[in-house]
Amino acid sequence: MSSIPHPRLRVAAIRFLNPAPLMWDFDHPPLAATLAARYQVDWMMPSECADRLGSGAADIGLIPIAALATTPGLRILPGCTIASKGRVRSLLLVRRATRPLAALRSVAADIASRTTLAHARILFGKWGNPSVPFVPAAADLDAMLQRADAAILIGDPALLALEERANRFERSGEDLIYHDLAEEWRTLTGLPFVSAVWAAAPGGILDESIAEDFIQSRNHGLQNMDTLVAEWSARLPIPEETIRTYLTTNIHYVLDEECIEGMRVFFRMAAEAGVLPKYDFSLPQHLRLN
């Protein structure tokens, strides 16, 4: 790894399960100490990362891709992503079975991710309900369904809601339908659901040595899956095999050509639907690393 001049680059990161492989070298020896001399890592919700970059409070952040269209000047670090090429489990739309998608009157939406809400808004347009109100809400399924006909959950709360699905039915007797939004997106477009990428702040440092640090961290994380599964099964009430499947099958971490095309289609459809401003997405060829 090349030397990066001081001061340390400030990294806005997310302490959910799904970015865990990306953060391996930042959290574990032998490279954690070396990277700590180059990067200062701060932890926050996904939607906060883009705000930090836009305000100049961070140099690099793991951002929801929708932020690229709303925060001018952000630049993608190539190589890494959080995406899904099928069922993801951690992006859910949960609705009452008695009310069809086209007839939903309100959706309580987890405020943690702008990108998931943008994808969901596009899907609702295709489902014939483009203007259904999204009501900001904390990620608590019971409380959300007291306020609205449906709920959008992302990340760990979505995984926990799936684990608790049978218990909830026994407790409430309420018949719910759980839509996997990444699976719904794949059905609609034939392309991956891309949630997040590493990005650099406008005007800041961005070179291949930085991208290589993050790519190497991802690679080491994927090579140490047994340790990650053990660590996270101690933190979350989710079976080890579910965590393993989630990290190895449900989530895709390489920003490959299919994911890049998925991003292009997302930005085009989001602009056509009026969900996001028009955004001319491109990734510099000389930084297109895997």
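Each remark here, short or long, concerns the structure printed above.
Notes on the structure in this doc start here. (Residues numbered from 1 in each chain as written. Predicted model: local features only at pLDDT ≥ 70, side-chain atom pairs only at ≥ 80, totals over all residues. Heavy atoms only, no water.)

**Notes on the overall build of the chain**
Formally: Comment: elements are numbered from the N terminus, with helices defined as DSSP H or I runs of at least four residues and strands as E runs of at least two. Every radius of gyration here is taken over C-alpha atoms, with the globule rule written as 2.2 Å times N^0.38, N being the number of residues. We call a residue buried when its accessible area falls under 20% of the maximum for its residue type, exposed when it is over 50%, and partly exposed in between, using a 1.4 Å probe and counting protein chains only. Note on contacts: a residue pair qualifies if any of its non-hydrogen atoms lie within 4.5 Å across the two residues. Working definition of accessibility: Shrake-Rupley area with a 1.4 Å probe, residue cover restricted to the visible protein chains. Counting rule applied: Lys, Arg positive; Asp, Glu negative; His and chain ends not counted. The atom standing in for a charge is NZ when the residue is Lys, CZ when it is Arg, CG when it is Asp and CD when it is Glu.
For the chain, the helix and strand inventory stands at 13 helices and 11 strands. Taking 19 Å as the expected radius of gyration for a compact globule of 290 residues, we find that the chain reaches 19 Å, a close match to that expectation. Residue burial in the chain is summarised as follows: out of 290 residues, 53% are buried. Sequence-distant contacts in the chain: of pairs separated by 6 or more residues, those separated by 24 or more amount to 81%. Accessible surface computed for the chain: about 12000 Å², of which carbon and sulfur atoms make up 51%. Averaged over its 28 positive side-chain charges, the chain has a centre that lies 5 Å from the centre of its 33 negative ones.

**Some points on the packing of helix 11 (residues 225-233) against helix 12 (residues 240-250)**
Condition: For helices, the axis comes from a line fit to the C-alpha atoms of the stretch in contact; other axes are also lines fit to C-alpha atoms, and the angle between any two N-to-C directions lies between 0 and 180 degrees. When an angle is under 35 degrees it counts as roughly parallel; over 145 it counts as roughly antiparallel; between 65 and 115 it counts as roughly perpendicular; any other value is oblique. In this scheme the handedness of a crossing depends on how the near helix is turned from the far one: anticlockwise by less than a right angle means left-handed, clockwise means right-handed. For this classification, Asp, Glu, Lys and Arg are treated as charged, while Ala, Val, Leu, Ile, Met, Phe, Trp, Tyr, Cys and Pro are nonpolar and the rest, including Gly, are polar.
It is at 9 Å that the axes of helix 11 and helix 12 come closest, and there the two elements cross at 130°. Considering their axes alone, helix 11 and helix 12 lie oblique with respect to each other. Judged by the twist between their axes, the crossing of helix 11 over helix 12 is right-handed. In this structure, helix 11 uses Met225, Asp226, Leu228, Val229, Trp232 and Ser233 to contact helix 12, whose residues at the interface are Glu240, Ile243, Arg244, Leu247 and Thr248. For the contact of helix 11 with helix 12, the class distribution of residues is six nonpolar, two polar and three charged.

**Overview of the packing of aromatic side chains**
Test applied: Stacked, edge-to-face and tilted are the three classes for Phe, Tyr and Trp ring pairs, Trp counted by its six-membered ring, which pair at centre distances within 6.5 Å; planes under 30 degrees apart are stacked, over 60 edge-to-face, the rest tilted.
Throughout the structure, instances matching the rule amount to nine aromatic pairs. For the ring pair Phe26 and Tyr39, a centre distance of 5.7 Å and an interplane angle of 70° mean the geometry is edge-to-face. Here the residue Phe26 occupies a position in helix 1 (residues 24-27), and Tyr39 occupies one in strand 2 (residues 39-44), the gap between them amounting to 13 residues. For Phe26, a relative accessible area of 12% corresponds to the buried category.

**Quick look at the nonpolar core**
Within soluble globular proteins, side chains that are nonpolar tend to cluster in buried spots. Here is the rule we go by: Among buried residues, those of type Ala, Val, Leu, Ile, Met, Phe, Trp, Tyr and Cys that are joined through side-chain atoms within 4.5 Å constitute a nonpolar core.
Of all hydrophobic cores here, the largest spans 90 residues; its most connected members are Ile63, Trp198, Met263 and Phe266. In contact with Met263, not counting residues within four places along its chain, are Ile65, Leu68, Ile76, Val194, Val197, Leu255 and Phe281.

**Observations regarding the packing of helix 5 (residues 114-126) against helix 9 (residues 181-189)**
Running from N to C, helix 5 and helix 9 point in directions that differ by 50°, and their axes come no closer than 11 Å. Here helix 5 is positioned oblique relative to helix 9, judged by the angle of their axes. Between helix 5 and helix 9 lies a crossing whose hand is left-handed. Along the contact surface, helix 5 presents Thr116, His119, Ala120, Ile122, Leu123 and Lys126, while helix 9 presents Leu181, Glu184, Trp185 and Leu188. Its residues assigned to classes, the contact of helix 5 with helix 9 comprises six nonpolar, two polar and two charged.

**Remarks on the pairing of strand 3 (residues 60-64)**
Look at any regular strand and the pattern is simple: side chains alternate between the two faces of the sheet. Quick note on the threshold: Any two strands are treated as partners once DSSP identifies two or more bridges connecting them.
Burial of strand 3 is extensive: five of the five residues sit out of reach of the surface. Burial along strand 3 is two-sided: Ile60, Leu62 and Pro64 and Gly61 and Ile63, pointing in opposite directions, are all buried. Across two bridges, strand 1 (residues 9-14) lies against strand 3 in parallel orientation. Among the inter-strand pairings, Ala12 is bridged to a residue of strand 3, identified as Gly61. Sheet topology note: the strand 3/strand 10 (residues 193-200) ladder contains five bridges and is antiparallel. Looking across to strand 10, one finds that Ile60 is bridged to Ala200.

**Some thoughts on the environment of Trp24**
Mapped onto the secondary structure, Trp24 falls in helix 1. We classify Trp24 as buried; its relative accessible area is 7%. With 196 residues separating them along the chain, Trp24 and His220 place their C-alpha atoms 6.5 Å apart. Beyond its immediate sequence surroundings of up to four residues, Trp24 is in contact with Ser217, His220, Gly221, Asn224, Thr227 and Leu228.

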